[in-house]
Amino acid sequence: MRLGEAGPEMSPEARLARGGGWRGWLGRKGWAGVVIIACFALMAFFAHEFVPYSPTATFPAWQPPSAVHWLGTDDYGQDIFSQVVYGSRASLVVGGLAGLLSGVIGTAVGLVAGYLRGLWSEVLMRFVDLMLVIPALALMIIIGAFLPSVGQGAQILIIGALSWLWMARSIRSQVMSERERGYVAAARVVGLSDGEIMVREILPNVMPIVIANLVMVITAAILVQASLNFLGIGNPSTVSWGSMLSLAFTDDAILQGAWWWVVPPGLCIALFAYGFVLLGNDVLDRYARKREG
Amino acid sequence: MRYSARYLAKRLGFALLTLYLAATADFLLPRLMGGNPAQALASSTGLASPATVAAITKEFGLSNPNWGYQYGLYLWQLVHGNLGISYEYYPSPVSTILLRALPYTVALVLSATVISFAVGWSLGIIGAWRRGAWVDQLGVGVAFWLYAVPYFWLAMMLVFLFAFLLGWFPMGHALPSSITGLTPWQWVAGAVRHGILPVTSLVLTSTAGHLLLMRNNMLTVLADDYMQLARAKGLKPFSLMFRYAARSAMLPSFTGLMLSLGNVVGGAVVTEIVFSYPGIGLATYNAILSHDYPMIQGAFLMLAVAVVAANLLADLIYPLLDPRVTLH
């Protein structure tokens, strides 16, 4: 047994959860979030299996929804249902990977700045505060505008590198209260190094906060990626929900009354992101309740 | 005098440092990404003779390849309000074009912030007060849903419903197409009519954060001992709710409000595009489409200045709300 899990630090609820199987991990809302995310993930993985047409095949333009084209066609005559299904891949890949990248940076900065005291951690947090004031989307826009081309890899790097600031602050404040607890002092007495204490003792204890923040960062990454694609900062030939809406906007889908082109991609973004919001809030709620006792 | 000199110096220094950071990023980015702006400009104006390139290189202060020299020149020009010359609207200075656009963005962000603040805080206070009641559940439920909705899509849906289908509001732009011969009253009415949809879209997406933060802070305050005392004293629920609980819950919410400003500005950039609203966001979008790099840089800097200034203002207001702040 690791020190971090020693008896008195573990609440009855956590013990119950461990014995209670998968039902104990999350509440109803959390599971609803997981189901939503899983549905979209399945859609992305098996897009080629059940999509009726290639997302770039062309048919008569501006068709309203019908039995042939479930969600109609756009102004190039591309099948919108197929595009929506394929578009889930971009959101999943970019949102997920950018969120993970942000999560790793945010967790590392939060752990170090919260656990170590001294000039460097102070400087680090002041830097985070400065960056928080600068509008992140605007910064991403100028970075994207100056890159010769922005593919999915560049989007992941840009979003990932600029979305961890809130997370670092949140984890830092949690780590600061955690480092005053008994088990950290015990670990120090046993002679563990700072690195070992941070990673093997504190990290498991703040894991719910890390997960909740990670989920929120992924939510933000999904929305930011859609915004960047909408602004034309992305690869226009990759089908994504954001680039679909960008095209719908520039090609006057609204003036044509083509609601079938505007509504589905936006609803998908919102629903996918909502799945993460549900999951994140559930994790956070359970953690707070556990801490209150 | 409620401000201590130390507090003022700290906040002012922080604001200046942020601006410096933003300006430096603005300077470094195009240089790190490569490309020669003078050549880009020369080819975009169709006058790509070597002589033109040389002339423009000189004009943009790029003749000395030393970055240190360019950096010094750049900062010197910035301090004097010189943001460079637009490629697209050559030879108009970027600052002239952006200053013309700035009032629109400020009006949009300011009214959206004030309204979403008022709505979010009221709903947050009521929700916390009647925790678990239908008002609370509805408010929190809708707030979480709105968290997940992309700004620009919500804006597009508003245009589709209220401008295209119902025709209640104009589809875009900030003012009626012919403003000559309008009385001042008609002018204001036109501006308001054009502003309602963009402001609504921003309010809808930014209220959620205020509501949830205020509700959380209220719940913390309501559990405090002095609330118990106030209740025991037999105070009326109304004064208990507003004069006791909401007043203390507002302080941390106020900081949250200011930190959310960057997000609202980001949202405004996208919203303006959907509504063809002639602010900084639309200027940025057009600049991206036409590769007008000085304009993109200038727009970013102007947004940064606006947000930093608003934060500084909030820092100066904060001690008036909470006397404890100036103590350290």
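These numbers were taken from a predicted model, which means no experiment stands behind them.

Cut-off values and rules
- Residues numbered from 1 in each chain as written.
- Chains lettered and ligands numbered in written order.
- Predicted model: local features only at pLDDT ≥ 70, side-chain atom pairs only at ≥ 80, totals over all residues.
- Heavy atoms only, no water.
- Helix = DSSP H or I, 4+ residues; strand = E, 2+ residues; numbered from the N terminus.
- Buried < 20%, exposed > 50% of the residue type's maximum accessible area, 1.4 Å probe, protein only.
- Areas by Shrake-Rupley, 256 points an atom, 1.4 Å probe, with all protein chains shown as cover.
- Lys, Arg positive; Asp, Glu negative; His and termini not counted.
- Charge placed at Lys NZ, Arg CZ, Asp CG, Glu CD.
- Contact = heavy atoms within 4.5 Å.
- Axes fitted to C-alpha atoms, helices over the stretch in contact; angles between N-to-C directions.
- Parallel < 35°, antiparallel > 145°, perpendicular 65-115°, else oblique.
- Left-handed = near helix turned anticlockwise from the far one by under 90°.
- Nonpolar A, V, L, I, M, F, W, Y, C, P; charged D, E, K, R; others polar.
- pLDDT = per-residue confidence, 0-100.
- Buried area = accessible area lost by both parts, 1.4 Å probe.
- Salt bridge = Lys/Arg side-chain N within 4 Å of Asp/Glu carboxyl O.
- Polar contact = N/O pair within 3.5 Å; in protein donor to acceptor, adjacent residues only side chain to side chain.
- Phe/Tyr/Trp six-rings, centres within 6.5 Å; stacked < 30°, edge-to-face > 60°.

**Quick look at the overall build of chain A**
Secondary structure summary: chain A contains 13 helices and zero strands in total. With the C-alpha coordinates of chain A rotated into their principal frame, the extents come out at 75 × 45 × 25 Å. When the 293 residues of chain A are sorted by exposure, 53% land in the buried category. Counting every atom, chain A has about 13000 Å² of accessible surface; 66% of that belongs to carbon and sulfur. Looking at chain A, you have 19 positive and 19 negative side-chain charges, and the mean spots of the two groups are 12 Å apart.

**As for unusual backbone geometry**
All names here are of chain A. Although it is not a glycine, Trp-62 sits at a positive phi angle of roughly 55°. Note that Trp-62 resides in the loop between helix H3 (47–50) and helix H4 (80–115). For Asp-252, which is not glycine, the phi torsion reads 60° and is therefore positive. As for its position among the elements, Asp-252 is in the loop between helix H12 (241–250) and helix H13 (259–292).

**Considering the environment of Thr-238 of chain A**
All names here are of chain A. By secondary structure assignment, the location of Thr-238 is in the loop between helix H11 (207–230) and H12. Residue Thr-238 is classed as partly exposed on the basis of its relative accessible area of 24%. Thr-238 has contacts with Gln-152 and Ser-243, leaving out every residue within four places of it along the chain.

**A look at the packing of helix H2 (residues 28–45) of chain A against H4 of chain A**
Residues and elements named next belong to chain A. Where H2 contacts H4, the axes come no closer than 8 Å and their chain directions differ by 110°. Taken together, H2 and H4 sit at an angle that is classed as roughly perpendicular. Relative to H4, the crossing made by H2 is left-handed. The residues of H4 that touch H2, namely those facing Phe-40, Ala-41, Met-43, Ala-44 and Phe-45, are Val-84, Val-85, Ser-88, Arg-89 and Leu-92. Counted by class, the contact of H2 with H4 contains eight nonpolar, one polar and one charged residues.

**Let's talk about the confidence of the model for chain B**
Note that predicted coordinates carrying low pLDDT should not be read in detail. Residues and elements named next belong to chain B. On average, residues of chain B score 81 in pLDDT, and 88% of them are at 70 or above. Mean pLDDT per element in chain B: helix H2 (residues 37–44) is the minimum at 60, and helix H7 (residues 151–165) is the maximum at 90. Across the whole predicted complex the pTM is 0.86, and at the interface the ipTM reaches 0.84.

**With respect to the side chain of Gln-225 of chain A**
Mapped onto the elements of the fold, Gln-225 of chain A is located in helix H11. For Gln-225 of chain A, the residues in contact, after removing those within four places along its chain, are Ala-90, Ser-91, Val-94, Gln-155 and Ile-159 of chain A.

**What about the interface of chain A and chain B?**
Taken together, the contact between chain A and chain B spans 44 residues of the former and 44 residues of the latter. Carbon and sulfur atoms make up 87% of the surface buried where chain A meets chain B, a total of about 4200 Å² over both sides. Joining chain A to chain B, the criterion identifies zero salt bridges. On the surface where chain A and chain B come into contact, there are one residue pair in polar contact (both at pLDDT 80 or more). Of all the secondary-structure elements, those providing two or more residues to the side of chain A that touches chain B are helix H5 (119–133), helix H6 (136–146), H11, H12 and H13 of chain A. Top contributing element to the side of chain A that touches chain B by residue count: H13 of chain A, with twelve residues. Split into classes, the residues belonging to the side of chain A that touches chain B amount to 37 nonpolar, five polar and two charged.

**Topic: the packing of helix H5 (residues 94–129) of chain B against helix H8 (residues 184–222) of chain B**
All names here are of chain B. Contact geometry for H5 and H8: axes closest at 6 Å, N-to-C directions at 35°. Helix-helix and strand crossings are classified by hand; for H5 and H8 the assignment is right-handed. Residues belonging to the contact of H5 with H8 are distributed by class as follows: 19 nonpolar, eight polar and one charged.

**Considering the packing of aromatic side chains**
Residues and elements named next belong to chain A. The final tally for this structure, using the stated rule, is 18 aromatic pairs over all chains. Look at Trp-62 and Trp-261: their rings are 5.6 Å apart centre to centre, the planes differ by 65°, and that puts the pair in the edge-to-face class. Of this pair, Trp-62 sits in the loop between H3 and H4 while Trp-261 sits in helix H13; the two residues are 199 residues apart in sequence, bridging distant segments of the chain. With a centroid separation of 5.6 Å and an interplanar angle of 50°, the aromatic rings of Phe-230 and Phe-249 are classed as tilted. Within this pair, whereas Phe-230 is found in helix H11, its partner Phe-249 is found in helix H12, the two being separated by 19 residues in sequence. Of the two residues, Phe-230 and Phe-249, both sit in the buried class.

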